[in-house]
Amino acid sequence: MSTTHATDPAQAASELNESLSRLETALLAPVVSGELESWARTVQEATKSLTESLPSYLNSVLHPQYAEIAKSDSELLTRVQQLIAEDQNLILEQDKFEKRVSDFVKRASQIKKDEAQTTNERTKVEQEGIALVLRIKRQRAAADTWLTEANYRDRGPVD
C-alpha cells in the first residue's frame, strides 16, 4: 500500500476506506483468552495504516472539496471553516489514539497470565477507536453534504 504519497483522490479515498475498515474490524474482534497481545498488535497495525492514510485523504480529497464549496457558495464559508477545524481535531485525536494503542500494546505484552487486569484499558481503546472511526466517517459525510449544497442549492431568483 503506497499511502505516503497518495495524491490521486480515488486512491486516497480507497486507502482511507481500507484503513477504516481494518481498524473497525480489529477493534470489534473479540479477544480470545491468551491472545490479548496479538489483538493489541493487530489494532496497532490498523491504527498505523489509518495514521498514514488520513492526512493524504484530507489533503487530496477533502481540502479540494472545501475549496470548491467556498468558490461555489460564499455563504458556506463558515461551514468550510468548521470542516477545516474538525480536520485538525481529527489529526490530533488520531495521534492521541495512536499513542494510547502503543501504550496498550506495551502493557499487553507484559501481561501473560491475568489478562482481565486490562479489561478496562482494552474497553477504552475499543471505545476511543470506534469513536475516531465514526468521527472520520461523519466528517466525510459532512463534506459531501456541504459540497452538494454548494453546487445544487436553490437560491431563489438571482438578478
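Residues numbered from 1 in each chain as written. Predicted model: local features only at pLDDT ≥ 70, side-chain atom pairs only at ≥ 80, totals over all residues. Heavy atoms only, no water.

## Remarks on the confidence of the model for the protein
Part 1: On average, residues of the protein carry a pLDDT of 90, and 92% of them reach 70 or more.
Part 2: At the low end of the mean pLDDT range in the protein sits helix α4 (residues 119–152), at 94; at the high end sits helix α1 (residues 9–28), at 96. (pLDDT = per-residue confidence, 0-100. Helix = DSSP H or I, 4+ residues; strand = E, 2+ residues; numbered from the N terminus.)

## Examining the packing of aromatic side chains
Part 1: Counted according to the given criterion, the structure contains 1 aromatic pair.
Part 2: Pairing Trp39 with Phe104 gives two aromatic rings, centres 6.1 Å apart and planes at 85°, and the pair type is edge-to-face. Taken together, the residues Trp39 in helix α2 (residues 36–72) and Phe104 in helix α3 (residues 77–110) connect sequence positions 65 residues apart. Taken as a pair, Trp39 and Phe104 share a single burial class, namely buried. (Phe/Tyr/Trp six-rings, centres within 6.5 Å; stacked < 30°, edge-to-face > 60°. Buried < 20%, exposed > 50% of the residue type's maximum accessible area, 1.4 Å probe, protein only.)

## Considerations on the packing of α2 against α4
Part 1: Packing of α2 against α4 leaves a shortest axis separation of 11 Å and a crossing angle of 15°. With respect to α4, the element α2 is oriented roughly parallel. Every pair of crossing elements has a handedness; the one defined by α2 and α4 is left-handed.
Part 2: For the contact of α2 with α4, the per-class residue count stands at 16 nonpolar, 4 polar and 5 charged. (Axes fitted to C-alpha atoms, helices over the stretch in contact; angles between N-to-C directions. Parallel < 35°, antiparallel > 145°, perpendicular 65-115°, else oblique. Left-handed = near helix turned anticlockwise from the far one by under 90°. Nonpolar A, V, L, I, M, F, W, Y, C, P; charged D, E, K, R; others polar.)

## Considerations on the environment of Asp87
Part 1: Relative to the elements of secondary structure, Asp87 occurs in helix α3.
Part 2: By relative accessible area, which is 3% here, Asp87 ends up buried.
Part 3: Here the alpha-carbon distance between Asp87 and Thr148, two residues 61 residues apart in the chain, equals 19 Å.
Part 4: Within polar-contact distance, the side chain of Asp87 engages the side chain of His63 at 3.0 Å. (Polar contact = N/O pair within 3.5 Å; in protein donor to acceptor, adjacent residues only side chain to side chain.)

## Observations regarding α3
Part 1: End to end, α3 covers 50 Å across 34 residues, agreeing with the expected 50 Å (1.5 Å per residue, within 8%).
Part 2: Along α3, the residues classified as buried are Val80, Leu83, Glu86, Asp87, Leu90, Gln94, Phe97, Val101, Phe104, Val105 and Ala108.
Part 3: Check the buried side of α3 and you find it contacts α1, α2 and α4. (Expected span 1.5 Å × (residues − 1). Contact = heavy atoms within 4.5 Å.)

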